[in-house]
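Coordinate analysis (summary)
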Amino acid sequence: MPQFLYAPVKDSLASDIISSANLKYKQGDYLESLTAYNEAIQIEPDNAMAFCCRGVAYYRLGDEENAKIDYNRSIELDPTLAVAYYRRGFLRYVAKEYVMAIADYNKSIELNPTFALAYSNRGYVYRDLYGEQEAAIDWRFAAKLFKEQGNIKKYQSTMNVLNQIIDMGSWGSGML
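Remember, predicted model here, so these are calculated numbers, not experimental data. (Residues numbered from 1 in each chain as written. Predicted model: local features only at pLDDT ≥ 70, side-chain atom pairs only at ≥ 80, totals over all residues. Heavy atoms only, no water.)

1. Considering the pattern of salt bridges
In the structure shown here, the tally under the stated rule is ten salt bridges. Its salt-bridge partner being Asp128, residue Arg127 comes within 2.9 Å of it at the nearest N-O pair. Of the residues examined, Asp128 reaches a relative accessible area of 33% and is grouped as partly exposed. When salt bridges that share partners are traced, they join Asp46, Arg73 and Glu76 into one network. (Salt bridge = Lys/Arg side-chain N within 4 Å of Asp/Glu carboxyl O. Buried < 20%, exposed > 50% of the residue type's maximum accessible area, 1.4 Å probe, protein only.)

2. Notes on the packing of aromatic side chains
According to the stated counting rule, one finds eight aromatic pairs in the structure shown. Arranged with centres 5.0 Å apart and planes meeting at 50°, the rings of Tyr25 and Tyr30 form a pair that is tilted. Look at Tyr25 and you get buried, because its relative accessible area is 5%. What links up through ring pairs into an aromatic cluster is the set Tyr86, Tyr105 and Phe115. Of note, Arg73 hangs over the ring of Phe51, and the distance from its end group to the ring centre comes to 5.8 Å. (Phe/Tyr/Trp six-rings, centres within 6.5 Å; stacked < 30°, edge-to-face > 60°. Lys NZ or Arg CZ within 6 Å of the ring centre and 35° of its normal.)

3. Digging into the environment of Asp138
Note on placement: Asp138 falls in helix α8 (residues 132-148). Residue classification places Asp138 among the buried residues on the basis of a relative accessible area of 5%. Measuring from C-alpha to C-alpha, the distance between Asp138 and Tyr124 comes to 8.8 Å, with 14 residues separating the pair along the chain. Not counting chain neighbours up to four residues away, the residues in contact with Asp138 comprise Tyr119, Arg122, Gly123 and Tyr126. Looking at Asp138, its side chain comes within polar contact range of the side chain of Arg122, at 2.5 Å. (Helix = DSSP H or I, 4+ residues; strand = E, 2+ residues; numbered from the N terminus. Contact = heavy atoms within 4.5 Å. Polar contact = N/O pair within 3.5 Å; in protein donor to acceptor, adjacent residues only side chain to side chain.)

4. Considerations on unusual backbone geometry
The phi torsion of most residues other than glycine is negative, and most of the peptide bonds are trans. Unusually for a residue other than glycine, Lys96 sits at a positive phi of about 65°. Here Lys96 is to be found in the loop between α5 (82-94) and α6 (98-111). Take Lys96: its relative accessible area is 59%, and that puts it in the exposed class.

5. Topic: the side chain of Ser108
Note that Ser108 resides in helix α6. By relative accessible area, which is 0% here, Ser108 ends up buried. Ignoring any residue separated from it by four or fewer positions in sequence, one finds Ser108 in contact with Ala82, Tyr85, Tyr86, Phe115 and Ala118.

6. Looking at the packing of α8 against helix α9 (residues 152-165)
Interhelical geometry of α8 versus α9 gives an angle of 155° and a closest axis separation of 9 Å. Accordingly, the angle class assigned to the pair α8 and α9 is roughly antiparallel. Pair α8 / α9 crosses with left-handed handedness. Touching Glu132, Gln133, Ala136, Trp139, Arg140, Ala143, Phe146 and Lys147 of α8 are Lys154, Tyr155, Thr158, Met159, Val161, Leu162 and Ile165, all from α9. Here the residues of the contact of α8 with α9 sort into nine nonpolar, two polar and four charged. (Axes fitted to C-alpha atoms, helices over the stretch in contact; angles between N-to-C directions. Parallel < 35°, antiparallel > 145°, perpendicular 65-115°, else oblique. Left-handed = near helix turned anticlockwise from the far one by under 90°. Nonpolar A, V, L, I, M, F, W, Y, C, P; charged D, E, K, R; others polar.)

7. Overview of α5
Helix length check: α5 (13 residues) gives 19 Å between terminal C-alpha atoms against 18 Å at 1.5 Å per residue, within 8%. Taken across its 13 residues, α5 has twelve buried, putting it largely inside the fold. At its buried positions, α5 is contacted by α3 (48-60), α4 (64-77), α6 and α7 (116-130). Immediately downstream of α5, the backbone of Lys96 shows phi near 65°, a positive value. (Expected span 1.5 Å × (residues − 1).)

On their own, these measurements won't tell you what the molecule is for.
Here's what the structure looks like:
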């Protein structure tokens, strides 16, 4: 399950509102965060990050359709925003649109080659399509990135998944 990702935003009134909305989101107040993202979008209707963040709030409120609309709008506004592809990829995965989910995760990774969560989530799509051995390739790389980035909690959870499917003695890659 992906975690909420924060990205730097430009200094502006809208960015202050987005920061406040992100805090409300992190506290689990998704409706209030949605209201704040709406306000930021009214002030800066071309703010891709505001749409992307609002999409997450919609998703948490059970409104996947509006989440998808916002991720699409975010990508239209800023086709280099890796997190928007990542989030849309998750929605597509949940909808079992596996080929499209892989395409979004691939684009996210192309834009940000160290995006560990994108590798991890793409692994779940590969698992569902091709099996655990194919998924393990992405999960191993995700674990490596999580470890390098100091995200020990995600590293450990990824390693737990790998430990369930692979005999650790069979790994010869030396990636970890």
